[in-house]
Amino acid sequence: MPHPHVETRPSRGPRNALQYGFRDTSRWRVAWNILWLRAADAAPWFALKNWMVRRSGAKVGRHVSLGYKVQLDILFPGRITIEEDAIVGYSTTLLAHGYTHDNYQLGDVRIGQGATVGANCTILPGVTVGAGAVVGAMSLVNRDVPPGEFWGGVPARRIRERY
């Protein structure tokens, strides 16, 4: 069952839904997003990296720290918000979409102010990581993380109520 903040839409044709992905976002927009998001990986400081990521449409607050190889959704980066002072660790993936054979899902992803997402995590569509929350490394986050809590694991579960 999808996250409650996820829209599920039917495939646009008889093949798997991803075959029709470029009807949802233009090829040119995806190329633009890839250009800025991959270039941001090479940026030597956070302010430049954040500026480059914003060119893709993602909403990135001031003083955000995005680790090397952070992968934002290339089809729908405009559905991702990373609030002020948040940290997103090395090689973490933030997904605002998911395709299956018969349908696809879209959901906004929000990383709250002062939140920390560890390295190699995957945040799925529709998920909010609350302000000041911490997500441990290598976690799969498929539901909302309340503000100030420490979560980890696959799938992520609460480890401590307050960090």
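So, how was this worked out
Residues numbered from 1 in each chain as written. Predicted model: local features only at pLDDT ≥ 70, side-chain atom pairs only at ≥ 80, totals over all residues. Heavy atoms only, no water. Helix = DSSP H or I, 4+ residues; strand = E, 2+ residues; numbered from the N terminus. Expected span 1.5 Å × (residues − 1). Buried < 20%, exposed > 50% of the residue type's maximum accessible area, 1.4 Å probe, protein only. Arc of directions from axis to C-beta. Contact = heavy atoms within 4.5 Å. Pairing = 2+ DSSP bridges. Phe/Tyr/Trp six-rings, centres within 6.5 Å; stacked < 30°, edge-to-face > 60°.

Chemist: Outline helix H1 (residues 27–41), supporting the account with residue identities and numerical values.
Modeler: The first and last C-alpha atoms of H1 sit 21 Å apart over 15 residues, in line with the 21 Å expected at 1.5 Å per residue. Those residues of H1 not exposed but buried are Val30, Asn33, Trp36, Leu37, Ala40 and Asp41. Viewed end-on, H1 has its buried residues packed into an arc of 150 degrees, placing them on one side of the element. In H1, the exposed positions that point more than 90 degrees away from the buried face belong to Arg27, Trp28 and Leu35. On the buried face of H1, the contacting elements are helix H2 (46–54) and strand E4 (71–72).

Chemist: Break down the sheet that holds strand E3 (residues 65–66) for me, citing the residues and quoting the values.
Modeler: On the basis of which strands lie adjacent, the open sheet formed by six strands has the order E3-E6-E11-E14-E16-E17 and mixed pairing. Each of the sheet's edge strands pairs with one partner strand only, and the pair in question is E3 and strand E17 (157–160). Across three bridges, the pairing between strand E16 (residues 150–152) and E17 is antiparallel. Along E17, the bridge assignment pairs Trp151 with Arg158.

Chemist: Which residues make up the packing of aromatic side chains, and what values go with them?
Modeler: If you walk through the whole model with that rule in mind, you get four aromatic pairs. Relative to Trp51, the ring of Trp36 lies with its centre 5.5 Å away and its plane at 85 degrees, an arrangement referred to as edge-to-face. Of this pair, Trp36 sits in helix H1 while Trp51 is found in helix H2, placing the two residues 15 residues apart along the sequence. Look at Trp36 and you get buried, because its relative accessible area is 17%. One aromatic cluster is present, built from ring pairs that chain together Trp32, Trp36 and Trp51.

These results come straight from atomic positions and should not be treated as a statement about function.
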